Amino acid sequence: MSSKISKVLLGIILFITVVAYALASVIHANTVVNGWIVISGCLALALVSGVTLWRLWPKVTGTGKVWINYIMQVVVACAFFLLLFYIPNSIFSDKSTNHEEKAVAERVYSKTHYRTRRISRRTYGRGEPYKKYYVDIRFENGSKKSLEIPLKQYNRTRKGDTLRIDIEKGLYGFPVIIRKGNYVTVPTSSYRYTHP
């Protein structure tokens, strides 16, 4: 494989890998599961796969250094295993188990993010700031989840409010949050429930 082709192939693989991690992150946002446990499990599988599959990478990376090829295998494989967990669990959730669960808002907060600003053809810097809004909720069974919410909902949400959220049982048994417009509808009173 020529050097030019291997560089193009490596670029494509890295791009797909970044997209895979981003997609897994998006699906995780609607899955009630400890993300660190999932990442640890997928990383463990990826580390094991690297023991033998690093041999597939020298032609792509253009180097025979074992540690570089091993790392490439682990990074790409971990993304693959994350998708293998999140996508089927979400897509093949059991529709017949759809129900509402009560959850209490334990924390309402915002985070400041920054857009990417192009400085020159090859240089990028930090651009304008913007905010995203979140609510940390606790279900009756003790499970916790952080949800991104719109500004309008953020302004109406107070700590201690009781919310109702649509849930379905995922393929692997991990609950999936079903969005209907917004994640949740915040009640006007913490003593009263409303439907999304």
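Residues numbered from 1 in each chain as written. Predicted model: local features only at pLDDT ≥ 70, side-chain atom pairs only at ≥ 80, totals over all residues. Heavy atoms only, no water.

Trainee: Teacher, can you tell me more about the side chain of Asp136 here?
Mentor: Among the secondary structure elements, Asp136 is positioned in strand β2 (residues 124–139). There is a polar contact of 3.0 Å between the side chain of Asp136 and the side chain of Ser146. When neighbours within four sequence positions are excluded, Asp136 is seen to be in contact with Val104, Ala105, Glu106, Arg107, Tyr109, Lys145 and Ser146. (Helix = DSSP H or I, 4+ residues; strand = E, 2+ residues; numbered from the N terminus. Polar contact = N/O pair within 3.5 Å; in protein donor to acceptor, adjacent residues only side chain to side chain. Contact = heavy atoms within 4.5 Å.)

Trainee: So what exactly am I meant to see when it comes to the layout of surface pockets here?
Mentor: Any empty space left between the atoms is revealed when a probe the size of a water molecule rolls over them. Looking at the largest pocket, its volume works out to about 500 Å³. If you go around the largest pocket, you meet 22 residues; those closest to its centre are Ala24, Ser25, Val26, His28 and Ala29. Those elements that provide at least two residues to the lining of the largest pocket are α1 (3–28), α2 (35–53), α4 (66–91), β1 (94–118), β2 and β3 (144–149). The element contributing the most residues to the lining of the largest pocket is α1, with five residues. Partitioning the lining of the largest pocket into residue classes produces twelve nonpolar, seven polar and three charged. (1 Å grid on protein atoms, 1.4 Å probe; cavity = no way out; pocket = protein on both sides within 12 Å on 5 of 7 lines; lining within 4 Å. Points joined across faces, edges and corners; volume = space filled by probe spheres on them. Nonpolar A, V, L, I, M, F, W, Y, C, P; charged D, E, K, R; others polar.)

Trainee: What is the right way to look at the environment of Arg107 in this model?
Mentor: The residue Arg107 is located in strand β1 in this model. Its relative accessible area of 45% is what places Arg107 among the partly exposed residues. In this structure, Arg107 is in contact with Tyr134, Val135 and Asp136, ignoring residues within four places of it in sequence. (Buried < 20%, exposed > 50% of the residue type's maximum accessible area, 1.4 Å probe, protein only.)

Trainee: Got a minute to help me understand the pattern of salt bridges in this structure?
Mentor: Should their charged atoms come close, side chains of opposite charge can pair. Enumeration over the complete set of coordinates arrives at five salt bridges. The partner of Glu106 in a salt bridge is Arg138, with the nearest N and O atoms 2.5 Å apart. Highlighted residues: Glu106 in strand β1 and Arg138 in strand β2, separated in sequence by 32 residues. According to the relative accessible area criterion, Glu106 is partly exposed, its value standing at 27%. One network of salt bridges, in which partners are shared, links Glu106, Arg138 and Lys144. (Salt bridge = Lys/Arg side-chain N within 4 Å of Asp/Glu carboxyl O.)

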